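If you want the building blocks of each chain, they are given just below.
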Protein chains: 4
Amino acid sequence: MTQTSDGPVTKLTVRPPGRPRSERADRAIIEATVDLLAEEGGVAGVSIEAVAARAAVGKTTIYRRWPNKEALIIDALAALKEPFPVPVGDSVRDDLVAIARAFMTDKSDKKRLDCYWSIMSGAERYPELIARFNREVIEPRRDVIRRVLRRGIESGELRADLDVEVTLWLIMGAVAHRARAWGAGPVPDDFPGKVIDALLAGIGTN
Amino acid sequence: MTQTSDGPVTKLTVRPPGRPRSERADRAIIEATVDLLAEEGGVAGVSIEAVAARAAVGKTTIYRRWPNKEALIIDALAALKEPFPVPVGDSVRDDLVAIARAFMTDKSDKKRLDCYWSIMSGAERYPELIARFNREVIEPRRDVIRRVLRRGIESGELRADLDVEVTLWLIMGAVAHRARAWGAGPVPDDFPGKVIDALLAGIGTN
Amino acid sequence: MTQTSDGPVTKLTVRPPGRPRSERADRAIIEATVDLLAEEGGVAGVSIEAVAARAAVGKTTIYRRWPNKEALIIDALAALKEPFPVPVGDSVRDDLVAIARAFMTDKSDKKRLDCYWSIMSGAERYPELIARFNREVIEPRRDVIRRVLRRGIESGELRADLDVEVTLWLIMGAVAHRARAWGAGPVPDDFPGKVIDALLAGIGTN
Amino acid sequence: MTQTSDGPVTKLTVRPPGRPRSERADRAIIEATVDLLAEEGGVAGVSIEAVAARAAVGKTTIYRRWPNKEALIIDALAALKEPFPVPVGDSVRDDLVAIARAFMTDKSDKKRLDCYWSIMSGAERYPELIARFNREVIEPRRDVIRRVLRRGIESGELRADLDVEVTLWLIMGAVAHRARAWGAGPVPDDFPGKVIDALLAGIGTN
DNA sequence: CAATAATCGAGACGGTACGTCGCGTCTTGGG
DNA sequence: CCCAAGACGCGACGTACCGTCTCGATTATTG
């Protein structure tokens, strides 16, 4: 820190010497990575070489920023992450349906959904990736459901003795598994509603 | 079935000419495949090269039997597959809990469960694999639940207007997702019971 | 040595197990190397990648045979080496002229001459290369001149007190330097004769 | 020639605006280049990167002065170039021997000789370099020999029908080739004398 | 003295080649 | 005909330099 400044210091980080890293390259690399992740359908389909080619960037430029493919994809993930609003509708039931529907079809574009599952596929080869993905993308969304459930308990719409975590697994599990559609065809439009209603009413006779 | 033929039985199956394939190799390959699938935690971790090395077998010996990795793993899967009995207990509730518990922890060893999830992870890189896996391993187990649910409807233990398929997704989803335990730690012993009870009673206040 | 043979052993080397190395690849690689050496005009112009591409061969196949570029070029050199006949003409003078002319223009194709100088260029970056080149290609040719000179001394055509090595440097030096034609244009046809004649007669007045 | 101007002399050269180029950098770069040329033993061993590192200078500082490596080395060469006096001794023979010896061992240090051959090695990868080197360093020295030869012809010490150019190739070739000493060890002290004497007397028996 | 302008070192840029690894396939001699 | 061994062509890996291109900082001269 070479400044002898007086007054409130505002510059907390000094720019390092030399040519600064190109933000254009940053963006191009992340975009190329996300595109390949969605198109190739899996972490394995994303090669640094392909990313470099598509981003019109030298491999060096990628390796200067990320030590390996996993790290690159983790950061590309961040580009997918975006705040998921807590819905506050008239009823908890409608909110849960809305969340389920959003999660299954993702209101944003197809690319994002493709990436989600591409990442889940690669899974265990890239444990750090899956961990961060859960922490930064999945868990926030689980938390949204958690809040709605707690609101429901307080408002009396849901049972007071509800086990929130168990309910979370029921909702997330049904939604995520069905969305994956392992050979079961596209998700019917009324599926989210049916799931939540079944869950609310229970399947037992009293 | 290679028979050693005794007595007057006419030869129904002719042994092909040349050296017969080594059954020792067959077993070693399948075992190595299953081990790798469980250990490496993913289809990608299973390379023909690695299987051959672990089975102490030439790569040719593998490729003579299976056209590709996918086919090999499918057959290795069969080694894991075993009949899943339809439980007929005193109550449908107990049966469902038993099924859920069995599915999550699997009666047999850890290896089997690891393989299940390794395969699910591989996902769309190996569509044929996942398809056959669903058909031969998953669907039979879903069918067991289906039967129990139908029995519950008939016996009056479950609601008459129950949507069986939706219920299936709820049970299977919760169970499978939780078993995968994406960072959530080991499955508590009472989890299956809690899930089924929550589902039976419903989470809404009538 | 696993053979229990009787009689005179002829098989001195047993073929190693596995698929034998492709002689076609051997040839293609050497040829591609020589071509590139001649065309690109320098060791630096020969890249393993380019050799592999031109020979329609994987890089692995090259690296399996040679540890690095230097080693490859050394062996490619051997393909250029071919016996240089000791001329036995009517006079030592004519023989020397013939040798000089052959060395400058090389009776074989242009490619060989290009390679010679390409190798000499790379020189110090590849000391082992230049050493072997001298030993296997240059020195044999020097030896041819040496023999002719000795014959001349015996026959009385050359001075008895001739220093053979010094004479060698004179002949080889003039020839090689002029052939290199550092900006001096193509070698005139009568140059070899002029050099040898000047050398024979001496430049001094008695 | 940057003059510091004194007295009434009108300014003939105007110092350009802005920060003047560092003469320290100039010197450091040239010195580093010469050192690398001698040490690495070849044009290829001289990389701008290496020069910049050794001169403790930014690469920009080099590229601002010279458009490419070739140009840099050409200028570095100039630092080596120094007038080569035409010897006028008692006899042409002694003069030739002196020149030959000087050329082989070079009065100045080892570094200079190393550079000479490093440059000659680089050859056709750097045609402009070799051309200028010949023009500015080699040819002047050839010219010195040329003058001595002409003087010898006039004085009757050398044959009147002498082909000066051919003789030049003989002397320069022997000297240069032997100095390069491709594996032939250090140059014996009496080599120059022997070469010139052999050339003067001729190797033939009249 | 402030403005101007070319310099400086540092280091990122796109690119090419390196030598290595693992893939799935092919091709041997021997059992 | 099977088996092991291992070479084949291929493609991606991560590294090292290359020559070029910005940067902020420095250092002279000029208005």
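Described in the following lines is the structure provided in the data block.

What counts, and where the lines are drawn
- Residues numbered from 1 in each chain as written.
- Chains lettered and ligands numbered in written order.
- Predicted model: local features only at pLDDT ≥ 70, side-chain atom pairs only at ≥ 80, totals over all residues.
- Heavy atoms only, no water.
- Near = heavy atom within 4 Å.
- Polar contact = N/O pair within 3.5 Å; in protein donor to acceptor, adjacent residues only side chain to side chain.
- Helix = DSSP H or I, 4+ residues; strand = E, 2+ residues; numbered from the N terminus.
- Salt bridge = Lys/Arg side-chain N within 4 Å of Asp/Glu carboxyl O.
- Buried < 20%, exposed > 50% of the residue type's maximum accessible area, 1.4 Å probe, protein only.
- Axes fitted to C-alpha atoms, helices over the stretch in contact; angles between N-to-C directions.
- Parallel < 35°, antiparallel > 145°, perpendicular 65-115°, else oblique.
- Contact = heavy atoms within 4.5 Å.
- Nonpolar A, V, L, I, M, F, W, Y, C, P; charged D, E, K, R; others polar.

1. A closer look at the protein's contact with DNA strand F
In the region of DNA strand F, 46 residues are neighbours, and Tyr-63 of chain A, Thr-60 and Arg-64 of chain C together with Ser-47 and Glu-49 of chain D sit closest. When the atoms of DNA strand F within 4 Å of the protein are grouped by moiety, sugar and phosphate amount to 65% of the total. Glu-49 of chain A places a main-chain nitrogen or oxygen 2.8 Å from a phosphate oxygen of DNA strand F. Between DNA strand F and Arg-19 of chain C there is a distance of 3.1 Å, counted from a sugar or linking oxygen to a backbone nitrogen or oxygen. Elements with a minimum of two residues in the surface near DNA strand F: α2 (48–55) and α3 (59–65) of chain A, α3 (59–65) of chain B, α3 (59–65) of chain C together with α2 (48–55) and α3 (59–65) of chain D.

2. Remarks on the pattern of salt bridges
Under the definition given, this model contains 62 salt bridges over all chains. Here Glu-139 of chain B makes a salt bridge to Arg-142 of chain B, at a shortest N to O gap of 3.4 Å. Of this pair, Glu-139 of chain B and Arg-142 of chain B are both found in helix α7 (residues 127–155), three residues apart, which corresponds to roughly one turn of the helix. Given the relative accessible area of 7%, Arg-142 of chain B is considered buried. Put simply, Asp-190 of chain D and Lys-194 of chain D hold a salt bridge, and the shortest N to O gap is 3.7 Å. Its relative accessible area of 42% is what places Asp-190 of chain D among the partly exposed residues. Three or more residues joined by partner-sharing salt bridges are found here, namely Glu-139, Arg-142, Asp-143, Arg-146, Arg-147 and Glu-165 of chain A.

3. As for the packing of helix α1 (residues 23–40) of chain A against helix α4 (residues 69–80) of chain A
Residues and elements named next belong to chain A. Look at α1 against α4: their axes get within 9 Å of each other, and the N-to-C directions meet at 90 degrees. Here α1 is positioned roughly perpendicular relative to α4, judged by the angle of their axes. On α4, the residues touching Ile-29, Ile-30, Thr-33, Val-34 and Leu-37 of α1 are Leu-72, Ile-73, Asp-75, Ala-76, Ala-79 and Leu-80. Tallied by class, residues from the contact of α1 with α4 come to nine nonpolar, one polar and one charged.

4. Focus on the side chain of Asp-95 of chain A
Residues and elements named next belong to chain A. Looking at the secondary structure, you find Asp-95 in helix α5 (residues 92–105). A relative accessible area of 3% places Asp-95 in the buried class. Within the local environment of Asp-95, its side chain forms a polar contact with the backbone nitrogen of Gly-89, the two atoms lying 2.9 Å apart. With near-sequence residues (within four places) excluded, Asp-95 lies in contact with Pro-87, Val-88, Gly-89, Val-148 and Arg-151.

5. A look at the protein's contact with DNA strand E
Of all residues adjacent to DNA strand E, which total 46 residues, the nearest are Arg-64 of chain A, Ser-47 of chain B, Tyr-63 of chain C together with Thr-61 and Arg-64 of chain D. Within the backbone of Ile-48 of chain C, a nitrogen or oxygen atom sits 2.7 Å from a phosphate oxygen of DNA strand E. Between DNA strand E and Ser-22 of chain D, the relevant distance is 3.4 Å, taken from a phosphate oxygen to a main-chain nitrogen or oxygen of the residue. Residue assignment for the surface near DNA strand E shows that the elements contributing at least two residues are α3 of chain A, α2 (48–55) and α3 of chain B, α2 (48–55) and α3 of chain C together with α3 of chain D. Of the residues that constitute the surface near DNA strand E, the class distribution is 13 nonpolar, 16 polar and 17 charged.

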